[in-house]
Amino acid sequence: MLPGHAATQPEYGRAAPKQWARCTFLRPRDPAPRRAIKGRKRGTFGRRNVRVSRPRFPAERCAVAVAMAAGPWGWGLAVLPLLLLAVLRCAARRLRSRSAAESAAVLRDDDVSALLVTAHPDDEVMFFAPTLLCLGRAGARLAVLCCSAGNYYNQGEIRKKELEQSCCLLGIPASSVTVIDHRDLPDNPSVEWDTQLLASFVLKHIEANNINLVVTFDAGGVSGHANHISLYAALRYLHSERKLPEGCRVLVLESVNLLRKYISILDVPLSCLLPRDALFILTEEETQQARRAMQCHHSQLLWFRRIYMLFSRYVVINSLRLLEKTTLTTQGVKN
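Residues numbered from 1 in each chain as written. Predicted model: local features only at pLDDT ≥ 70, side-chain atom pairs only at ≥ 80, totals over all residues. Heavy atoms only, no water.

Summed over all chains, the structure comprises seven aromatic pairs. Ring geometry for phenylalanine 127 versus tyrosine 308: centroids 6.1 Å apart, planes at 70°, classification edge-to-face. Highlighted residues: phenylalanine 127 in the loop between α5 (123-126) and α6 (129-137) and tyrosine 308 in helix α14 (residues 303-311), separated in sequence by 181 residues. Exposure remark for phenylalanine 127: the relative accessible area of 6% places this residue in the buried category. On the basis of relative accessibility, which here comes to 6%, the residue tyrosine 308 falls in the buried class. The structure contains a cluster of three or more aromatic residues connected by ring pairs, namely Phe127, Phe128, Phe217, Tyr262, Tyr308 and Tyr314. Between arginine 313 and the ring centre of tyrosine 314, over which it is positioned, the NZ or CZ distance is 5.1 Å. (Phe/Tyr/Trp six-rings, centres within 6.5 Å; stacked < 30°, edge-to-face > 60°. Helix = DSSP H or I, 4+ residues; strand = E, 2+ residues; numbered from the N terminus. Buried < 20%, exposed > 50% of the residue type's maximum accessible area, 1.4 Å probe, protein only. Lys NZ or Arg CZ within 6 Å of the ring centre and 35° of its normal.)

Structure representation (structure tokens):
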């Protein structure tokens, strides 16, 4: 030790400074606590050995998060939505079996060839995904006739390719997808298509492919789009004038009010109580399949369509009715 300098270490027998005591605490001489610390790292005891199952669905995760944030009262509030979700899932499973029976009644023939008539690319997944997936599950041959290329924003060629990719994910080969690109059938929400011209295109496709089941929009067009309503007028004209082949039936998609349209699976009980001729309900896996098909329409994935795919009932449920056998003139259909 040099003279004039303080000792850098404590002498033997004197009390150690605080920092040395702290070091002694962090590095205990007794080997038992060290084994305990190592055991805790390995997960042999303590909370690390407890497996906590994470909620599977987003609604359950939100309910658990609210409950943890709100404390004891939050858990009481979280029980109600979780119970409601459980009841809805059980009801949906039972109703899917009923919808399968209804689809079997609609497909009373063993050899069913179904044609979906839409107005624009992306209609097949935004409105008719439950119908296509359930009919495909039942063994029907599926085809899509799109009556415009969706060229409202000069994206016609892009949207044709997106339509083929989407139909492929829905189980429809590209060879069964047809797009009509006619100058008198423009993609325009304010233009009503000529009923007889459109009916001639649809009838030619039905006869060429031996179609015995046609699916399209009803008089409301789901969203009120003029092109959607024109499809209904054309099929109504063919049906009322007895121009469809014998045995060919027409199913129209039911339009609902705004509240029912955006409550997703919560509309299942009401859809089962109301009259209809066919009801198609998707499973959770099929719902995800439909949303993946919508991802193929990159040019249309705007923010409001993303919200639509999350909350719309038409992504999960389709309730359809057979076209009535009434005789109407073309002018009567337009009126």
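The discussion continues.
This brings us to the packing of helix α8 (residues 195-209) against helix α10 (residues 226-240). One can describe the packing of α8 onto α10 by two numbers: an axis separation of 9 Å at closest approach and a directional angle of 70°. By the criterion of interaxial angle, the relationship of α8 to α10 is roughly perpendicular. Of α10, the residues touching α8 (which contributes Thr195, Gln196, Leu198, Ala199, Val202 and Leu203) are Ser230, Leu231, Ala233, Ala234, Leu235, Tyr237 and Leu238. Across the contact of α8 with α10, the residue classes tally to 10 nonpolar, three polar and no charged. (Axes fitted to C-alpha atoms, helices over the stretch in contact; angles between N-to-C directions. Parallel < 35°, antiparallel > 145°, perpendicular 65-115°, else oblique. Contact = heavy atoms within 4.5 Å. Nonpolar A, V, L, I, M, F, W, Y, C, P; charged D, E, K, R; others polar.)

The next point concerns the nonpolar core. In this structure, Phe127, Cys147, Leu198, Val202, Ile206, Val214 and Leu231 are the most contacted members of the largest nonpolar core, which totals 73 residues. Sort the elements by how many residues they give to this core and α10 lands first, with six residues. In contact with cysteine 147, not counting residues within four places along its chain, are Val117, Thr118, Ala119, Ile180, Leu185, Trp193, Leu198 and Leu231. (Core = buried A, V, L, I, M, F, W, Y, C linked by side-chain atoms within 4.5 Å.)

Moving on: the pattern of salt bridges. Evaluated as defined, the whole model comprises eight salt bridges. A salt bridge links glutamate 286 to arginine 137, with the nearest nitrogen and oxygen atoms 2.7 Å apart. Residue glutamate 286 is located in helix α13 (residues 284-294), and its partner arginine 137 is located in helix α6; the two are separated by 149 residues in the primary sequence. Given a relative accessible area of 43%, arginine 137 falls into the partly exposed group. The network of salt bridges with shared partners includes Asp122, Arg159 and Asp187. (Salt bridge = Lys/Arg side-chain N within 4 Å of Asp/Glu carboxyl O.)

This paragraph deals with a nonpolar patch on the surface. The grouping of Leu258, Tyr262, Leu302, Trp303, Phe304, Ile307, Leu310 and Phe311 at the surface amounts to a nonpolar patch, some 860 Å² of accessible area in total. Among the elements that take part in the nonpolar patch, α14 stands out by supplying five residues, more than any other. (Patch = residues over 30% accessible without salt bridge, like charges linked within 9 Å, V, L, I, M, F, W, Y side chains within 5 Å. Areas by Shrake-Rupley, 256 points an atom, 1.4 Å probe, with all protein chains shown as cover.)

Another point: the packing of α13 against α14. Packing of α13 against α14 brings their axes to within 11 Å, and their N-to-C directions diverge by 165°. Taken together, the axes of α13 and α14 lie roughly antiparallel to each other. Taken as a pair, α13 and α14 cross one another with a handedness that is right-handed. From α13, Ala290, Arg291 and Met294 reach across to α14, where they touch Arg305, Met309 and Leu310. (Left-handed = near helix turned anticlockwise from the far one by under 90°.)

Any functional reading would require information beyond the geometric quantities listed.
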